[in-house]
Amino acid sequence: MRMFASRFCLSLFLFVAAAACCAAEECPDLPESSKGITDETGTPLHLVQPPKLIVTPFDDGLYWAADGIYQNMFMVGDSGVIVVDAPPNFFQTTPNLVEAIAGVTDKPITHLVYSHFHRDHIGAANEVAKAFPDVKIVANEKTKELIQAAQRRNQDDPRPLPTVTFEQDALLAKDGTLREGGYPRDGKGRAKLAEFTGLTLTSGKFHGDGDLFIMAPAQRVMYVVDLIFPGFSPFSRLAITRDVGEFLDAHDTLLDFDFDTLVAGHLTRLGTKEDIRTQKAYMESIVAGARKGLAEAQFGPDNSEPCYLADPFNAVLDYLDRVLDICTKEVVAEWKGKLGAVETFTRAHCDTIQTYLRVD
């Protein structure tokens, strides 16, 4: 029952955009940019029952796995497989993640990298550890600290603690060797790094402390989760970021990396740098809309229920509703039809941004 409930809740991530139109005779088509991976019958992968996991190769032993809601990647190394993240969804699919990897190589899973600490991306790491008890779990030190804090509050937390950690940036070679260091910012260093066949692990905090930008430079593939949502608005409230400023700035940080293909951890397709630029423009529209709302909305009673406004918090909420009305109207008018879920999530984004502009 828990596994069923988990998949149902996680599926809402994608399906919530459709809920608003269920009463209508016909739901509007998704923008073309939002359409992506299907099964062999042409059915969108997130609608396939029973759930299905599709594995697609890049070059030189790197693979992308997706079920239409979640994504991860894995690399077949010299003596084993390096897996990035273990979403619980991937153990409710046919095949499951371990079975899918066994379908492309007979090498064991030797390393599991945590992109960040959230359960929806690493909550099935215990399943990987059951299948491969000697697996090394690699993460930023902050990710380990956050999981430890969560486990002090909830002893049923299933996430195994990382066994190998680093403080800032690291390089994980295909043979499993980890060394401190990171993605070079100068052209000479980047040219040399292009020959590196493992993964670069660069720390950030756009979603929470310990986030990683994970890149396979030889394949020119970037893996970063809960930042960019190719073809869609981000999930509600800037993907529940813990730091709005870092989330906004991370778009430029990501564009500074030298790659072609983005594995974004969620939804229907791979991304490119153009998807990052598009989402950055959408975010800029939300910031502008929130600024306009804060500048134009009037604080004061225009509500027909004066007793309601006698409570000062109600008066504040009444004012903020006017701010959000202005922001949402502006942004939806500009972006509807360009990205999926714009009508679903823009108001929540406006609320997050207006709070950031007023408080941070």
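First things first, this report covers the structure right here in the doc. (Residues numbered from 1 in each chain as written. Predicted model: local features only at pLDDT ≥ 70, side-chain atom pairs only at ≥ 80, totals over all residues. Heavy atoms only, no water.)

## Some points on unusual backbone geometry
Our working rule: Here a strand is any run of E in DSSP of at least two residues, a helix any run of H or I of at least four, and the numbering for each starts at the N terminus.
Cis geometry marks the peptide bond from Gln49 to Pro50; its omega dihedral reads -5°. Structurally, Pro50 is set in the loop between α1 (2-19) and β1 (54-57). Cis peptide bonds are those with omega within 30 degrees of zero, and the linkage from Thr94 to Pro95 qualifies with -5°. Among the structural elements, Pro95 can be located in the loop between β4 (81-84) and α2 (97-102). Although it is not a glycine, Asp60 sits at a positive phi angle of roughly 55°.

## Topic: the sheet that holds strand β12 (residues 221-223)
Quick note on the threshold: DSSP calls a pair of strands paired once it identifies at least 2 bridges connecting them. Only the contacting stretch of a helix is used when fitting its axis, a line to C-alpha atoms as for every element, and angles between N-to-C directions run 0 to 180 degrees.
Pairing within the open sheet is mixed, and its six strands lie in the order β9-β8-β10-β11-β12-β13. The two strands at the open ends of the sheet, each matched to only one other strand, are β9 (178-180) and β13 (261-263). Pairwise comparison of adjacent strand axes, ignoring direction, gives a mean angle of 25° for this sheet. The pairing of strand β11 (residues 211-216) with β12 spans three bridges and is antiparallel. Considered in β12, the bridge of Met215 is made with Met222.

## A few points about the packing of helix α8 (residues 244-255) against helix α9 (residues 273-296)
Which entries qualify depends on this criterion: The cut-offs work like this: below 35 degrees is roughly parallel, past 145 is roughly antiparallel, 65 to 115 is roughly perpendicular, and the gaps in between are oblique. Each crossing gets its handedness from the near helix: less than a right angle anticlockwise from the far helix is left-handed, clockwise is right-handed. Should any heavy atoms of two residues lie within 4.5 Å, those residues are considered in contact. Each residue is assigned to one class: nonpolar for Ala, Val, Leu, Ile, Met, Phe, Trp, Tyr, Cys and Pro, charged for Asp, Glu, Lys and Arg, and polar for all the others, Gly among them.
For the pair α8 and α9, interaxial distance at closest approach is 10 Å and the crossing angle is 155°. Considering their axes alone, α8 and α9 lie roughly antiparallel with respect to each other. α8 and α9 meet at a crossing whose hand is left-handed. On the side of α8, the interface is formed by Phe247, Leu248, His251, Asp252, Leu254 and Leu255, while α9 contributes Lys273, Ile276, Arg277, Gln279, Lys280, Met283 and Val287. Of the residues that constitute the contact of α8 with α9, the class distribution is seven nonpolar, two polar and four charged.

## Side note on the state of the cysteines
Our working rule: Criterion for a disulfide: a pair of cysteine sulfur atoms within 2.5 Å. Throughout, exposure labels follow a simple rule: accessible area from a 1.4 Å probe, protein chains only, divided by the maximum for the residue type, with under 20% read as buried, over 50% as exposed, and the rest as partly exposed.
Summed over all chains, the structure comprises one disulfide. The partner cysteine of Cys327 in its disulfide is Cys350, sulfur to sulfur 2.1 Å. As the torsion about the S-S bond is roughly -75°, the Cys327-Cys350 disulfide counts as left-handed. In this pair, Cys327 sits in helix α11 (residues 312-335) while Cys350 sits in helix α12 (residues 342-359), placing the two residues 23 residues apart along the sequence. For Cys350, a relative accessible area of 0% gives the class buried.

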